[in-house]
Each structure stands twice: as structure tokens, then as C-alpha cells.
Amino acid sequence: MTNTPAPATLGTDQARTRLHELTVIDVRTPAEYASGHLPGALNIPLDHVRRALPEIRHAAGRGDVLVVCASGARSENACKLLSEQGITTATLAGGTGAWAAEGHDLHTPAACDTRAGWSMERQVRFTAGSLVLLGLLLGLLVHPALLLVAAGVAGGLVLSALTNTCGMAVVLGKLPHNRPRAADLDAALATLRSR
């Protein structure tokens, strides 16, 4: 078993001053990316990082790579995965949320839908809350055994917090509005190859 070093973490000010020399990879869903991303960031959703390994390795061989997400958790997971493959990357402390909170600009794609996408965290909160309410309602109106739906969601949330993973986010990430169009992903990979 080999020890992989913890990914480096850049603060928002460090990243902003070095932005022109960094290859920035945003591992959020396309809907989240469309709602605002770091200038010049390429969207490669977390579940497509393995597919993009050759291109990311190529970009990392030419300069530093910064991986970002909404809060830093997904980008840290991506950095660990890349580190296991021998690719050195850094993550943005606090993600795009911290970037925007510091007053730095977020860019939106010119051709994106006018409706704003929900962050994955918001989608998970909405889905979990809806399932808990549905389980409680069905448990009261239909059969008490249906209260187990609410208990199951609560257990899943506890497990999610303990393992720093989220099965519900994985499932929600497969919905059509959270999936990259093949052309968008291919364009991001081509850009990485050209760096």
C-alpha cells in the first residue's frame, strides 16, 4: 500500500493571483458549473474524472492544475483520485462558495440556459427533505411501517457525514440536467490536450 500525499490547498487570494498560470478543472455538475464558475475553468464532472485522466495528466505535465467544486469536498476527492494516479493537483479552499464570498467574479457560459441550476448540496437537501416529509406523511396516513422511509433517509445522511461521501448526490448526478452533453465534455478534454 502506498501513501498518497494530501492534495495541496490554495486559498482564494493565492488562486486569484495565479489564475493565469493554472489549469482550473471544475468537478461540479454541468448545472452547477453553468450557475457560475472560476474564470477559464473547464467542466469535468467528478464522475468523468477517470475518463479524463490522460488529458489531466497532460495538462499537469505542462503546469499546475487547480481542482474546484462548490465547497471543496468533491474537489478534494478528485485530487485524491488524481494523486493515486500520480497526478499532482491542488484544491481551492472553500470552493466557488469561498471564491464568491471573497468578492471574486464567477463567470457563466454565454450559451447556458437562463434558468439557474441548483447546487448539488441544494438538490440533496431538497430530495432528502422531500423523502422525509413523504415518509412521515405516508406513515401517518397509510401505514406506520412507512415511517421507515424517513428513518432510512436520516440514516443515509448520518452515513454521508461520517464517510464524507453522498450516495444521493451520486444518484442525482445521473439525472439529465446534471449530466454533461458529450460535446461539452469533449470540448473540455480537447482544451486540456491543447495545454
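### A look at the sheet that holds strand β5 (residues 90-92)
Sheet architecture is open: five strands sit in the order β1-β5-β4-β2-β3, paired in parallel fashion. In this open sheet, the two edge strands, each paired with only one partner strand, are β1 (8-10) and β3 (42-43). With three bridges joining them, β1 and β5 adopt parallel strand pairing. Of the residues in β5, the one forming a bridge with Thr9 is Thr91. The strands touched by helix α4 (residues 73-84) within the sheet are β4 (65-68) and β5, with β4 carrying the most contacts at an inclination of about 140°.

### Here we look at the environment of Leu147
Relative to the elements of secondary structure, Leu147 occurs in helix α7 (residues 147-163). In this structure Leu147 touches Gly135, Leu136 and Gly139, once residues within four positions along its chain are discounted.

### Quick notes on the pattern of salt bridges
Overall, the coordinates contain eight salt bridges when judged by the stated rule. Here Arg28 and Asp26 are joined by a salt bridge, their closest N and O atoms 2.8 Å apart. Relative accessible area serves as the criterion here: at 0%, Asp26 is assigned to the buried category. With its nearest N and O atoms 3.0 Å apart, the salt bridge here joins Glu121 to Arg125. With a gap of four residues between them, Glu121 and Arg125 both fall in helix α6 (residues 120-141), about one helical turn apart. You'll find Glu121 and Arg125 in the same group, each marked exposed. Connected through salt bridges with shared partners, the residues Arg18, Glu21 and Asp64 form a single ionic network.

What counts, and where the lines are drawn
Residues numbered from 1 in each chain as written. Predicted model: local features only at pLDDT ≥ 70, side-chain atom pairs only at ≥ 80, totals over all residues. Heavy atoms only, no water. Pairing = 2+ DSSP bridges. Helix = DSSP H or I, 4+ residues; strand = E, 2+ residues; numbered from the N terminus. Contact = heavy atoms within 4.5 Å. Axes fitted to C-alpha atoms, helices over the stretch in contact; angles between N-to-C directions. Salt bridge = Lys/Arg side-chain N within 4 Å of Asp/Glu carboxyl O. Buried < 20%, exposed > 50% of the residue type's maximum accessible area, 1.4 Å probe, protein only.

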